[in-house]
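# Close look at the chain arrangement
Here are the chains, one letter per residue:
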Amino acid sequence: MKNGKKPKGIPLGNLTVSLPKPLGTELRPKRLVFPLNTPWGDLAPHVRPGGDVSLGQVLALDNSGIAPPLISPCSGKVLGIRSWATPRGGEGPAIAIQCTNPPAAERRYKDDGSWKQFDAPALIKRVLKMGIREPDPYRWPLAWRLAQPGLAPAELSNGPDTSRPIEYLIVNAIDRQPGVSLRESALSGRETEIAESISLLERISGARNIILAVRKGQPISDSLETELGRRGIKIVMCPVIYPIALEPLLVRYITGREIPMPEGDARAVGVIVVDILSAIRVYRSIRDNNPFTPILVQFSIPADSVDYQMWVPEGTLVSELLEQLQLSAGEAAKLILGGPFLGYALHTFDVPITAEVDSVVIQSAPQVFLFENSPCISCGYCVKSCPMGLLPNELSRLCEYENFEGAEKSSLFHCIECGICAYVCPAKRPMVHLIRFGKREILKMRETQQ
Ligand code: SF4
Ligand code: SF4
C-alpha cells in the first residue's frame, strides 16, 4: 500500500486532546423530531398525525429503496407531520412524536450470538433495515457502500453501482475537525467491541485491505493493537492536519486514489470509508437485532465549562437536551450544530439532533466572534490552502453575484465545505456561506426543472 500526498490544510501541531467526560445521565426525551429530507430523496411518512406508534415501527420509507428507513426508537403518538427547523439551517418536513415510553440512549440486550452465523447477503439487508444514518455526507447510504458486487441490499434497477469489488475498507477514527474528540474517546476502553465492529464490516463488504485510520500520536492500547493485528486489521497513522478526516482527503492519503468529483463516490475507485462511530452502531444493531439509533454527541457550553460526551436518542431537540441536563441557555447568543468548521449556526433551540450532528456548541455573547467582511485583496491565501485545489475567492464571488452557471463550471460541487478558505482569509470573506448558498440555489433550480 502506498500512502498518497499529505493534504493541504491547517497543521494542528502536537495535539494533546483532553477528552470531555462522558456523562452518566440517562436522557429520556419527551418529544422526538425526525426530518424527512435525505440527500437521496424525501422519505414518505408511514404514520399519520394523532396515530399511535410502537417501538421499532417504521415511521417513514424511501420509495426509491435507497435511503435507510426511519425507525421509531420509542412508543408514543404522532404529534404531527409539519415543517420543522433542520440541523443544516432552513426548514423541511418532519415527523414529531410524543414519547409515552421515552427511549433509553443505551439499552442492554442479551447477545445470543446468532448474528455470527449470518452470511453477507443477510447482513447487508440488515444494515439497510436498521436505518443507520451517518455524520458525513457520503455519496450513498452505508448499506449500498458496503454491498459486495451482486449483493445489493435491495433489488433496484436504478440503485447505486455496486459492481466494483471493495479493495479498501477504511474505518475512520480521526475526529473530523478541531474541537471534537468523540472518535478518539471511542477507541479507548472498548477494544473487543471496536475489533468486532471492524471485523463485521469486513465480513459484510468482503474488502481485501482493512485499515483503521488514526491520527499520528493517537494513543492506542497494546490490547487493541494486538486484537487488531490478530484479525489482520492494519493501523495507519495519518498527519495531524485539518481536514484529513474528510473522505476525499483520507482516501487520497491512505490509498493514493482520487475520488472522482463532483460525484464523490469512493466506491468508484474500490474504496469505502466508515466512521468508527457508525461501525459501532452497525455492530450493536446487528448483535442485538434492534436498530441502535442513538448518536454520540459532544455537547459544549464554554461559558459554563460544560463539555460532555453522551449518547443522545436520535431526534432529541436541543431545547429538550438542555432541559434534561438542567442547563439554561439564558445567556446564549449562538447555537452551532455540527462543529466549528463544518457546522451550521442555528436561530432556534427547537431543532432536532440527527445523525449528521456530532457536536452541539452554545456560545454566549462574549465568545461570538463578530466581524465586518471587506472586499477581497487578492492575497491568494485561500487558493494556496484549499485542499481540493479550487479557487475559493472566485467561486464565492460567482455565488455572491448569482452567476451559478459560472460557479458550477468552476467546480462548485467539488468543494467539501471544510471552511479553511474562510478561516485563512484576512478580509474575512464568508466564503463557505456563499458556496453553500450557490449549491442550494442550483439544487433548487434542478428540482424545479424536473
Ligand atoms: S473552497 Fe471548499 S474545499 Fe476549498 S477551502 Fe473552501 S470550503 Fe474547503
Ligand atoms: S484569502 Fe480572502 S482576501 Fe485573500 S484571495 Fe482569498 S478571498 Fe481574497
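Keep in mind that what you see is a predicted model, and the values were worked out from it rather than measured.

## Overview of the packing of helix H10 (residues 392-400) against helix H13 (residues 431-449)
Contact geometry of H10 with H13 gives a least axis separation of 8 Å together with a crossing angle of 55 degrees. Taken together, the axes of H10 and H13 are oblique relative to one another. Crossing handedness for the pair H10 and H13: left-handed. Here H10 contributes Pro392, Asn393, Leu395, Ser396, Cys399 and Glu400 to the contact with H13, which in turn contributes Met431, Leu434, Ile435, Phe437 and Gly438. Of the residues belonging to the contact of H10 with H13, the class tally is seven nonpolar, three polar and one charged.

## Considerations on the pattern of salt bridges
For the coordinates displayed, the defined rule picks out 27 salt bridges. The partner of lysine 30 in a salt bridge is glutamate 323, with the nearest N and O atoms 3.0 Å apart. Highlighted residues: lysine 30 in the loop between strand E2 (21-22) and strand E3 (31-35) and glutamate 323 in helix H8 (residues 318-324), separated in sequence by 293 residues. On the basis of relative accessible area, glutamate 323 is assigned to the partly exposed category, the value being 49%. Of the charged contacts in the structure, one is a salt bridge between aspartate 358 and arginine 183, with a shortest N-O distance of 2.9 Å. A residue pair is termed long-range when its members are at least 10 positions apart, and aspartate 358 in the loop between strand E18 (344-346) and strand E19 (359-364) and arginine 183 in helix H3 (residues 182-186) qualify at 175 residues. Among the residues examined, aspartate 358 registers a relative accessible area of 2% and is labelled buried.

## Quick look at the sheet that holds E2
Sheet architecture is open: six strands sit in the order E2-E16-E15-E19-E17-E18, paired in mixed fashion. Since the sheet does not close on itself, it has two edges, and those belong to E2 and E18, each with one partner. Across five bridges, the pairing between strand E17 (residues 332-337) and E19 is antiparallel. Its bridge partner lying in E19, leucine 335 is registered against isoleucine 362.

## What to know about the domain arrangement of the protein chain
The domains assigned to the protein chain are domain 1 (28-102 + 294-367), domain 2 (116-288) and domain 3 (381-449). Computed from C-alpha coordinates alone, the two centres of domain 1 and domain 2 are separated by 24 Å. Domain 1 puts 29 residues into the contact, and the matching count from domain 2 is 34 residues. Approximately 2,500 Å² of surface area, both sides summed, lies buried where domain 1 meets domain 2, with 57% of it carried by carbon and sulfur atoms. Broken down residue by residue, the surface that domain 1 buries against domain 2 is led by Trp40, Ile66 and Leu342, which jointly contribute 23%.

## Details of helix H7 (residues 276-288)
Quick reminder: α-helices carry 3.6 residues per turn. Residues three or four places apart thus point the same way. Taking 1.5 Å as the rise per residue, H7 with 13 residues should run 18 Å; its terminal C-alpha atoms sit 18 Å apart, in good agreement. Burial of H7 is extensive: 12 of the 13 residues sit out of reach of the surface. Considered for burial, the residues of H7 that qualify are Ile276, Leu277, Ser278, Ala279, Ile280, Arg281, Val282, Tyr283, Arg284, Ser285, Ile286 and Asp288. For H7, the N-terminal cap is aspartate 275; the gap from its side-chain oxygen to the backbone nitrogen of leucine 277 is 2.8 Å.

## So, the packing of helix H4 (residues 191-205) against H7
For the pair H4 and H7, the least separation of the axes is 9 Å and the interaxial angle reads 80 degrees. Judged on the interaxial angle alone, H7 and H4 are roughly perpendicular. Residues Glu193, Ile194, Glu196, Ser197, Ile198, Leu200, Leu201 and Ile204 of H4 form the contact with H7, whose participating residues are Ile276, Ala279, Ile280, Val282, Tyr283, Arg284, Ile286 and Arg287.

## Focus: the nonpolar core
With 48 residues, the main nonpolar core has Leu146, Leu187, Ile198, Ile204, Leu212, Ile276 and Val282 as its most contacted residues. The element contributing the most residues to this core is H7, with seven residues. Both of domain 1 (28-102 + 294-367) and domain 2 (116-288) provide at least three residues apiece to this core. Within the second largest apolar cluster, 27 residues are counted, among which are Trp84, Val306, Val312 and Leu322.

What counts, and where the lines are drawn
Residues numbered from 1 in each chain as written. Chains lettered and ligands numbered in written order. Predicted model: local features only at pLDDT ≥ 70, side-chain atom pairs only at ≥ 80, totals over all residues. Heavy atoms only, no water. Axes fitted to C-alpha atoms, helices over the stretch in contact; angles between N-to-C directions. Helix = DSSP H or I, 4+ residues; strand = E, 2+ residues; numbered from the N terminus. Parallel < 35°, antiparallel > 145°, perpendicular 65-115°, else oblique. Left-handed = near helix turned anticlockwise from the far one by under 90°. Contact = heavy atoms within 4.5 Å. Nonpolar A, V, L, I, M, F, W, Y, C, P; charged D, E, K, R; others polar. Salt bridge = Lys/Arg side-chain N within 4 Å of Asp/Glu carboxyl O. Buried < 20%, exposed > 50% of the residue type's maximum accessible area, 1.4 Å probe, protein only. Pairing = 2+ DSSP bridges. Domains from an automatic or database assignment. Buried area = accessible area lost by both parts, 1.4 Å probe. Expected span 1.5 Å × (residues − 1). Polar contact = N/O pair within 3.5 Å; in protein donor to acceptor, adjacent residues only side chain to side chain. Core = buried A, V, L, I, M, F, W, Y, C linked by side-chain atoms within 4.5 Å.

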